[in-house]
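Single-letter residue listing:
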Amino acid sequence: MSDLHWILGKQLIILAGILLLSWLVGLFTGYVTVVMLISLLVFIFWHAFQFIKLFRWLHGSRKGVVPEGSGPWYPISDELYKWRKKSRKNRKNLLSVINEFRTSTEALADAVVVLDNSSNIIWSNQASEELLGISRKKDLSQRITHLLRLPKFIQFLEAGDFSESLIIPSPINPDKTLSIQITPYLQGQKLLVCRDISQLQQLERVRQDFVSNVSHELRTPLTVVSGYLEVLESLTDFSNEQVGKMIAEMSLQSHRMKNIVNELLYLAKMEHGLKTKTDHPLDMPALLSQLKQEAIALSAEKSHHIELAIDCDKGLLASFEDIHKVFSNLVFNAVRYTPEKGKITITWHCNHEGAIFSVTDTGVGISAEDIPRLTERFYRVDRGRARDEGGTGLGLAIVKHTLERYQARLAIKSELDEGSTFSCYFNADWLA
Ligand code: ADP
């Protein structure tokens, strides 16, 4: 501000000097007004010339050197010069950041595609050509759904729920399986990252096949062993108490092994593909009453108070065997992990989104850190207790995988020493 005052002050002094000088010259020549007017015009035109020089440069291409101003215009052209130098440096830095970003994303094995708010391609890397068949030059500004036409992908993009990734076959190589993750940012723009998971899937298939083959191979010898043990148990006259105990224990353990093998085989069956809807809905009141009776029988001396609440007249278009397996796993767990005289409530409820089956107990509960791991195979919170209760540690894994085959999901709410609620959410498509 003080600079500005100084510049203005100086200009006023110069103007006063010019006027004084032209007045003196006017007095000397006898044309005071004319000389003063000419001097004033020269002063104004000089300033206008300086202004036009800068204005043209600013409104033009701004290329070349900044025009050098004189007098009061000098600080302005000097500031412009410094600003241009700084902005050139910033632009250079920005370009090098962009180049670095491009080079690093080019080196990525994952495909990266940047989409605008109408899902048109703004930018894509080299890997997107190899995995998705998107050409970086030809397909620029194209709508992604014109290139990836798989209905599953179009639905995924239109639904706008990107909390989970989408698994699809590669559009250019059906042998490859891709996992697509979309991250929205700014206003509607999206970053699509696509990874080739064929090897992971292959490994998973090998693991599943291995488990199911081993279980299959173990089934026959185990049946033979437990069969003979049963015969031995009935033959032994128990004169030797120790032998009797050993045979009883062996028989119990071989039963447990048979259970584990059967559950593993069932789980392997549940790990493949979606189920198709059945023609007729299940009779839910009948199924749930049967479950209640089975729970009462299992509860026996524990004398639980078991309640059934049904406020939905719709039934699931699903196999009785699958749904009974899922629901009974949850109900029997509630019986096993709820102390004597505890309360167990089984509900079947409908809303506009679908139906919910839930089992609430007043049992031992589960701590928050264990909840996310419950559906892992063989994960048990308290190994000793679970084994005593006769569990295999596969029940909730079976529940999760079976529900996935019906596009349903399991939700668990629990608090230690308070109790738990296990809920199965089915969408309306599976109800009638
Ligand atoms: P298991 O055959 O051992 O019961 P599950 O897969 O059915 O195996 O359950 C896994 C673990 O989850 C159990 O070992 C138990 O610790 C816990 N769990 C399951 N249901 C309940 C429940 N209703 N209350 C408390 N803990 C439970």
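Residues numbered from 1 in each chain as written. Predicted model: local features only at pLDDT ≥ 70, side-chain atom pairs only at ≥ 80, totals over all residues. Heavy atoms only, no water.

A few points about the overall build of the protein chain
When you go through the protein chain residue by residue, the secondary structure sums to 12 helices and 10 strands. Computed over C-alpha atoms, the radius of gyration of the protein chain comes to 40 Å, more than 25% over the 22 Å expected from 2.2 N^0.38 for 432 residues, which places it beyond the range of a compact globule. C-alpha extents for the protein chain along the principal axes are approximately 150 × 50 × 50 Å. For the protein chain, long-range pairs separated by at least 24 residues make up 56% of all intrachain contacts whose partners lie at least 6 apart in sequence. Accessible surface, the protein chain as shown: approximately 26,800 Å² in total, 59% of it carbon and sulfur. Measuring between centres, the 49 positive side-chain charges of the protein chain sit 14 Å from its 49 negative side-chain charges. (Helix = DSSP H or I, 4+ residues; strand = E, 2+ residues; numbered from the N terminus. Rg over C-alpha atoms; globule rule 2.2 N^0.38 Å. Contact = heavy atoms within 4.5 Å. Areas by Shrake-Rupley, 256 points an atom, 1.4 Å probe, with all protein chains shown as cover. Lys, Arg positive; Asp, Glu negative; His and termini not counted. Charge placed at Lys NZ, Arg CZ, Asp CG, Glu CD.)

Comments concerning the domain arrangement of the protein chain
Many descriptions give the size of an interface as the accessible area lost when the pieces come together. Segmenting the protein chain into domains produces domain 1 (2-94), domain 2 (108-196), domain 3 (203-270) and domain 4 (284-430). Between the C-alpha centres of domain 1 and domain 3 there is a distance of 101 Å. (Domains from an automatic or database assignment.)

A short note on the site of the ligand
Of all residues adjacent to the ligand, which total 20 residues, the nearest are Asn333, Tyr337, Asp361, Thr392 and Leu396. Between Arg336 and the ligand, the recorded distance is 3.3 Å, taken from a side-chain N or O atom to an oxygen atom. Residue Tyr337 places a side-chain N or O atom 2.9 Å away from an oxygen atom belonging to the ligand. Considered on its own, the ligand offers 530 Å² of accessible surface; in the complex 97% of this is hidden by protein. When contributions to the shell around the ligand are tallied by element, the ones reaching two or more residues are helix H10 (320-336), helix H12 (395-405) and strand E10 (419-427). For the shell around the ligand, the element with the most residues is H10, which contributes 3 residues. Looking at side-chain class alone, the shell around the ligand contains 11 nonpolar, 6 polar and 3 charged residues. (Near = heavy atom within 4 Å. Polar contact = N/O pair within 3.5 Å; in protein donor to acceptor, adjacent residues only side chain to side chain. Nonpolar A, V, L, I, M, F, W, Y, C, P; charged D, E, K, R; others polar.)

Remarks on the nonpolar core
With 39 residues, the main nonpolar core has Leu316, Phe327, Leu330, Trp348, Phe357, Cys424 and Phe426 as its most contacted residues. Secondary-structure elements contributing two or more residues to this core are helix H9 (284-299), H10, strand E7 (343-351), strand E8 (354-361), H12, strand E9 (409-415) and E10. Considering every element that reaches this core, the biggest residue donor is H10, with 7 residues. In this structure Phe426 touches Leu316, Ile323, Phe327, Trp348, Glu353, Gly354, Ala355, Phe357, Leu403 and Ala408, once residues within four positions along its chain are discounted. Counting 21 residues, the second largest nonpolar core, distinct from the first, contains Val113, Leu148, Phe162 and Cys194. (Core = buried A, V, L, I, M, F, W, Y, C linked by side-chain atoms within 4.5 Å. Buried < 20%, exposed > 50% of the residue type's maximum accessible area, 1.4 Å probe, protein only.)

Regarding the state of the cysteines
All told, the structure shown has 1 disulfide when counted by the stated rule. Disulfide pairing is shown between Cys312 and Cys350; the S-S distance is 1.7 Å. Within this pair, whereas Cys312 is found in the loop between strand E6 (305-311) and H10, its partner Cys350 is found in strand E7, the two being separated by 38 residues in sequence. With a relative accessible area of 7%, Cys312 lands in the buried category. Its sulfur unpaired, Cys424 is 14 Å from the next cysteine sulfur, which belongs to Cys312. (Disulfide = S-S within 2.5 Å.)

A look at unusual backbone geometry
Positioned with a positive phi, Ser141 is a non-glycine residue whose angle comes to about 70°. Among the structural elements, Ser141 can be located in the loop between helix H4 (126-132) and helix H5 (144-147). Even without being a glycine, Ala300 presents a positive backbone phi close to 40°. Mapped onto the fold, Ala300 is located in the loop between H9 and E6.

Topic: the environment of Arg377
As for its placement among the helices and strands, Arg377 is situated in the loop between E8 and helix H11 (383-388). Measuring from C-alpha to C-alpha, the distance between Arg377 and Trp23 comes to 105 Å, with 354 residues separating the pair along the chain. The contact partners of Arg377, leaving out residues within four places of it in the chain, are Arg207, Leu267, Glu271, Gly393, Leu394, Ala397 and His401.

Let's talk about the pairing of E7
As paired elements, E6 and E7 share 7 bridges and run parallel to each other. Note that in E7 the partner of Asp311 across the bridge is His349. Chirality of the crossover, the property in question, places the unit of E6, H10 and E7 among those that are left-handed. Across 8 bridges, the pairing between E7 and E8 is antiparallel. By the bridge assignment, Ile344 is partnered in E8 with Asp361. (Pairing = 2+ DSSP bridges. Right-handed = clockwise from strand over helix to strand, strands pointing away.)

A few points about the sheet that holds E8
Taken in spatial order, the 5 strands line up as E6-E7-E8-E10-E9 in an open sheet, and their pairing is mixed. The open sheet has two edge strands with one neighbour each: E6 and E9. Shown here is a sheet whose adjacent strand axes are inclined to one another by a mean of 10°, direction ignored. Of the pairings in the sheet, the one linking E8 to E10 comprises 8 bridges and is antiparallel in character. Paired with Asp361 across the two strands is Ser420, which belongs to E10. Contacting E6, E7 and E8, H9 runs over the sheet at an angle of about 170° to E6. (Axes fitted to C-alpha atoms, helices over the stretch in contact; angles between N-to-C directions.)

Observations regarding a nonpolar patch on the surface
On the surface, a nonpolar cluster with roughly 410 Å² of combined accessible area is contributed by Leu20, Trp23, Leu24 and Leu27. Secondary-structure assignment places Leu20 in helix H1 (residues 2-29). (Patch = residues over 30% accessible without salt bridge, like charges linked within 9 Å, V, L, I, M, F, W, Y side chains within 5 Å. Salt bridge = Lys/Arg side-chain N within 4 Å of Asp/Glu carboxyl O.)

Comments concerning the packing of aromatic side chains
This structure, assessed with the given rule, holds 8 aromatic pairs. Members of the aromatic cluster, connected to one another through ring pairs, are Phe327, Trp348, Phe357 and Phe426. (Phe/Tyr/Trp six-rings, centres within 6.5 Å; stacked < 30°, edge-to-face > 60°.)

With respect to the pattern of salt bridges
With the rule as written, the count across this model stands at 11 salt bridges. The closest approach of N and O atoms between Glu263 and Lys325, which form a salt bridge, is 2.8 Å. Of this pair, Glu263 sits in helix H8 (residues 241-270) while Lys325 sits in helix H10, placing them 62 residues apart in sequence. For the salt bridge of Lys275 with Asp322, the shortest nitrogen-to-oxygen distance reads 3.2 Å. Placement of the pair is Lys275 in the loop between H8 and H9 and Asp322 in helix H10, with a sequence separation of 47 residues. Take Asp322: its relative accessible area is 2%, and that puts it in the buried class. Here the salt bridges do not stand alone but share partners, grouping Glu204, Arg207, Glu271 and Arg377 into one network.

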